[in-house]
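A look at the structure
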Amino acid sequence: MPRYETIVEDGTVYVASDGDRVEVGRVDAVLDLVGGPSWTISYTPAEKERHPEMSTSDEGLTVDVVDMMAAMTHGEQFVRALETHPVDAPSNDPDAISPRLGLFAGKLLENLDSGLE
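1. Here's the deal with the packing of helix α4 (residues 76–84) against helix α5 (residues 99–114)
Orientation of α4 relative to α5, taken along the N-to-C sense of each, is 150°, at an axis distance of 8 Å. When the axes of α4 and α5 are compared, the pair comes out roughly antiparallel. Every pair of crossing elements has a handedness; the one defined by α4 and α5 is right-handed. Contact residues: α4 offers F78, A81, L82 and E83, while α5 offers R100, L103, F104 and K107. Classifying every residue of the contact of α4 with α5 by side-chain character gives five nonpolar, no polar and three charged.

2. A few points about the side chain of H74
Its location among the elements puts H74 in strand β6 (residues 73–75). Of the polar contacts made by the side chain of H74, one reaches the side chain of T6; its length is 2.6 Å. Excluding residues that lie within four positions of it along the chain, H74 makes contacts with P2, R3, Y4, E5, T6, V15, V79, F104 and K107.

3. Let's talk about the packing of aromatic side chains
Throughout the structure, instances matching the rule amount to zero aromatic pairs. Its end group placed over the ring of F78, K107 keeps NZ or CZ at 4.5 Å from the ring centre.

4. Concerning the pairing of strand β2 (residues 12–17)
Summarising burial for β2: six of the six residues are buried, a large majority. On β2, burial covers both faces: T12, Y14 and A16 on one face and V13, V15 and S17 on the other are all buried. Strand direction decides the pairing type here: strand β1 (residues 3–9) and β2, joined by four bridges, are antiparallel. Paired with I7 across the two strands is Y14, which belongs to β2. Between β1 and the antiparallel strand that follows it, β2, lie two residues; D10 among them carries a positive phi value of about 55°. In the sheet, β2 pairs with strand β3 (residues 20–26) via six bridges, with the strands oriented antiparallel. The residue of β3 that forms the bridge with A16 is R21. Once β2 ends, the chain turns through two residues before running back antiparallel as β3.

What counts, and at which threshold
- Residues numbered from 1 in each chain as written.
- Predicted model: local features only at pLDDT ≥ 70, side-chain atom pairs only at ≥ 80, totals over all residues.
- Heavy atoms only, no water.
- Axes fitted to C-alpha atoms, helices over the stretch in contact; angles between N-to-C directions.
- Helix = DSSP H or I, 4+ residues; strand = E, 2+ residues; numbered from the N terminus.
- Parallel < 35°, antiparallel > 145°, perpendicular 65-115°, else oblique.
- Left-handed = near helix turned anticlockwise from the far one by under 90°.
- Contact = heavy atoms within 4.5 Å.
- Nonpolar A, V, L, I, M, F, W, Y, C, P; charged D, E, K, R; others polar.
- Polar contact = N/O pair within 3.5 Å; in protein donor to acceptor, adjacent residues only side chain to side chain.
- Phe/Tyr/Trp six-rings, centres within 6.5 Å; stacked < 30°, edge-to-face > 60°.
- Lys NZ or Arg CZ within 6 Å of the ring centre and 35° of its normal.
- Buried < 20%, exposed > 50% of the residue type's maximum accessible area, 1.4 Å probe, protein only.
- Pairing = 2+ DSSP bridges.

Here it is in structure tokens:
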């Protein structure tokens, strides 16, 4: 099963695909969506209680979001989903983000919360 890498180049995020690469959006837009250029790993008391076997030794560690993004790989199904989502935000809402950027940022947040797969 092929995995497709994330490419960060000249301030833009792309995901590799069979047809070259899929543009996701600007790095600064992704950073705005996830809360900035760094992410500090933390666990809530509820998470620790629910999963006592979980290692929390990385709690307090701060990671670089762009590095984390660049380390992400994606399955074919996710890449196809990205390709079907519009790269442009709706023009009638100045605060809107593109559906493609939203899908990617959601996966990035999931990885920041739970670690890379």
